[in-house]
Amino acid sequence: MSLPDELQRIFDADRALRNAESVLLRNKSSKELIALLEHETENAIQMEDRNEGVVRLERLADLCAQVPGPRMTDALIAILNDGEPRVRVAAGEALRDLGYERYAEVARGIERALDRSADGLAMCELPWVLAEIAEPSALPLIRRFLDHPSSDVAAAAIEALAQLRDPDSVRDLERFIGDSRVVIIEDFEDETKTTLGELAEDALEMLGGTPSAGD
C-alpha cells in the first residue's frame, strides 16, 4: 500500500473514531453507559495484556470525563492510580479539564477518596490537580492531604501548596518544619532525596514566609 493510501487510512480511522464516540455518548446520562464505562475501566486496570490495558485506560479517561456523575469521577481517580505514567497524565488532564467545567464533581470525588482513606499514586497526583484548577476551596481540600499517613502524599500536598501560592497556607507549611521523614521527589528523569521539613522550607520561601524551625 502506498504512503498516500496509508495516510488516508489514518484519516478514515480518525473519522470512524469520532463517529463511534458521538454515538456512544449520545445519551451521556444513560445508566447503561455509566455502568459500561465503569465496568470497562475495572477490566482495563486488571488486564494481563498491559499494553492493551494502557491504551484502553487512556481512551477511557477521555470518555469518563465527558459523562457527568460521581461514578465517572471515581473511575477517573481509579485510572489516576495506575502505575503507567502515560495513563496518569491522561487521567490527571481529564480531571483538571473536568474541574474547570464541573469543579463540584471533582471536589466531591476527591473528598470521597479522602474519606475512605485511599492510598496510592492517585493520592499523590490529586493535590496537583487541585492546585492547577485553583478554585477557592482548593486550599481546604489540599490541607486534608497534609494529614495523610503516607509521607509521599504529604510531600505532594506541600508542593501543591507552594504552587497554589495562597498566603493562608503558611501555618500549614510551618508545622512541617523539622519533619525528618524522607521522600523522593521526581523531576522529569531526575530523583532527589529530601525531607518533608526541607520541602516545607522551600515552599515557605516561595510564599514569602519565614521558616520557623525550632518554634
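What counts and how
- Residue numbers restart at each chain and count upward from 1, following the sequence in its written direction.
- Local features in a predicted model are, by the rule used here, given only for residues with pLDDT of at least 70; side-chain atom pairs are given and counted only at 80 or more, and totals for whole chains, interfaces and linings are based on all residues.
- The basis for every side-chain value is the complete set of heavy atoms in the structure, and neither hydrogens nor water enter the calculation.
- Using a 1 Å grid laid over the protein atoms alone, points where a 1.4 Å probe fits but cannot get out form a cavity; open sets with protein on both sides within 12 Å along at least 5 of 7 lines form a pocket; any residue with an atom within 4 Å of a point counts as lining.
- Grid points are joined across faces, edges and corners, and a volume is the space filled by probe spheres set on the points.
- Runs of H or I in DSSP of at least four residues are treated as helices and runs of E of at least two as strands, each being numbered from the N terminus.
- In this scheme, a residue with accessible area under 20% of its type's maximum is buried, one over 50% is exposed, and one in between is partly exposed, where area comes from a 1.4 Å probe on protein chains only.
- Among buried residues, those of type Ala, Val, Leu, Ile, Met, Phe, Trp, Tyr and Cys that are joined through side-chain atoms within 4.5 Å constitute a nonpolar core.
- Any two residues whose heavy atoms approach within 4.5 Å at even a single point are treated as in contact.
- Convention adopted: a line fitted to C-alpha atoms gives each axis, helices being fitted over their contacting stretch, and angles between N-to-C directions are expressed from 0 to 180 degrees.
- Roughly parallel means an angle under 35 degrees; roughly antiparallel, over 145; roughly perpendicular, 65 to 115; everything else is oblique.
- Classification convention: Asp, Glu, Lys, Arg as charged; Ala, Val, Leu, Ile, Met, Phe, Trp, Tyr, Cys, Pro as nonpolar; all other residues, Gly among them, as polar.
- In this analysis, the expected span of each helix is defined as 1.5 Å times one less than the number of residues it contains.
- The term polar contact refers here to a pair of N or O atoms within 3.5 Å; inside protein, the definition further demands a hydrogen-donor-capable atom paired with an acceptor-capable atom, and it admits residues adjacent in sequence only when both atoms are side-chain atoms.
- Patches here are clusters of residues that have more than 30% relative accessible area and form no salt bridge, with a 9 Å joining cutoff for like charges and a 5 Å cutoff for nonpolar side chains (Val, Leu, Ile, Met, Phe, Trp, Tyr).
- Here, Shrake-Rupley sampling with a 1.4 Å probe gives the accessible areas, and only protein chains in the shown set may cover a residue.
- The rule for a salt bridge is simple: a side-chain nitrogen of Lys or Arg has to be within 4 Å of a carboxyl oxygen of Asp or Glu.
- In this tally, Asp and Glu contribute negative charge and Lys and Arg positive charge; neither His nor the terminal groups of the chain are included.
- The atoms used to mark charge sites are NZ of Lys, CZ of Arg, CG of Asp and CD of Glu.
- Across the chain, each position has a pLDDT score giving the predictor's confidence in that residue, from 0 to 100.

Caption draft 1: Just the layout of surface pockets, in detail. Put simply, the largest pocket is a space of about 890 Å³. The set of elements that each furnish at least two residues to the lining of the largest pocket consists of helix H5 (85-101), helix H7 (121-133), helix H9 (151-164) and strand S1 (182-187).

Caption draft 2: Here's a closer look at unusual backbone geometry. Backbone geometry at Ser-117 places phi at a positive 55°, although glycine is not the residue there. Locating Ser-117 in the fold gives a position in the loop between helix H6 (103-115) and H7. Judged by its relative accessible area of 58%, Ser-117 falls in the exposed class. In this structure, Arg-165 is a non-glycine residue whose phi angle is positive, near 55°.

Caption draft 3: Focus on the nonpolar core. By size, the foremost hydrophobic cluster in this structure holds 68 residues, and its most contacted members are Ile-110 and Phe-145. Among the elements that take part in this core, H9 stands out by supplying 10 residues, more than any other. Beyond its immediate sequence surroundings of up to four residues, Ile-110 is in contact with Ile-77, Leu-126, Leu-130, Leu-141 and Phe-145.

Caption draft 4: Local environment of the environment of Leu-60. Relative to the elements of secondary structure, Leu-60 occurs in helix H3 (residues 50-65). Spatially, the C-alpha atoms of Leu-60 and Ala-44 are 9.0 Å apart, while their sequence positions differ by 16 residues.

Caption draft 5: Quick peek at the packing of H5 against H6. Where H5 contacts H6, the two axes come as close as 5 Å, and the packing angle between them is 125°. Between H5 and H6, the interaxial angle falls into the category oblique. Mapping the contact onto sequence places Leu-95, Leu-98, Gly-99 and Glu-101 in H5 and Tyr-103, Glu-105 and Val-106 in H6. For the contact of H5 with H6, the per-class residue count stands at four nonpolar, one polar and two charged.

Caption draft 6: Main features of H3. Here H3 spans 22 Å end to end across 16 residues, near enough to the 22 Å set by a 1.5 Å rise per residue. For H3, the full list of buried residues reads Gly-53, Val-54, Leu-57, Leu-60, Ala-61, Leu-63, Cys-64 and Ala-65. Considering only its buried residues, H3 is in contact with helix H1 (3-24), helix H2 (31-46), helix H4 (70-80) and H5. The N-cap residue of H3 is Asp-49: its side-chain oxygen and the backbone nitrogen of Asn-51 are 3.3 Å apart.

Caption draft 7: Broad picture of a negative patch on the surface. Taken together, the side chains of Glu-186, Asp-187, Asp-190 and Glu-191 make up a negatively charged region of the molecular surface. Where the negative patch is concerned, the elements lending two or more residues are S1 and strand S2 (190-195). Its relative accessible area of 52% is what places Asp-190 among the exposed residues.

Caption draft 8: Highlighting the pattern of salt bridges. According to the stated counting rule, one finds 18 salt bridges in the structure shown. Close ionic contact of Arg-71 with Glu-38 constitutes a salt bridge, the shortest N to O distance being 2.7 Å. On the criterion of sequence distance, the pair formed by Arg-71 in helix H4 and Glu-38 in helix H2 is long-range, its members being 33 residues apart. Note that Arg-144 is salt-bridged to Asp-115, the shortest N-O span being 2.8 Å. One end of the pair, Arg-144, is in helix H8 (residues 138-146); the other, Asp-115, is in helix H6, and 29 residues separate them in sequence. In this structure Asp-115 comes out as exposed when scored by relative accessible area, which is 57%. Each of Glu-21, Arg-59 and Asp-62 takes part in a single network of salt bridges with overlapping partners.

Caption draft 9: Broad picture of the confidence of the model for the protein chain. Taken as a whole, the protein chain shows an average pLDDT of 93; of its residues, 96% reach a score of 70 or greater. When mean pLDDT is compared element by element in the protein chain, H4 scores highest at 98, while S1 scores lowest at 86.

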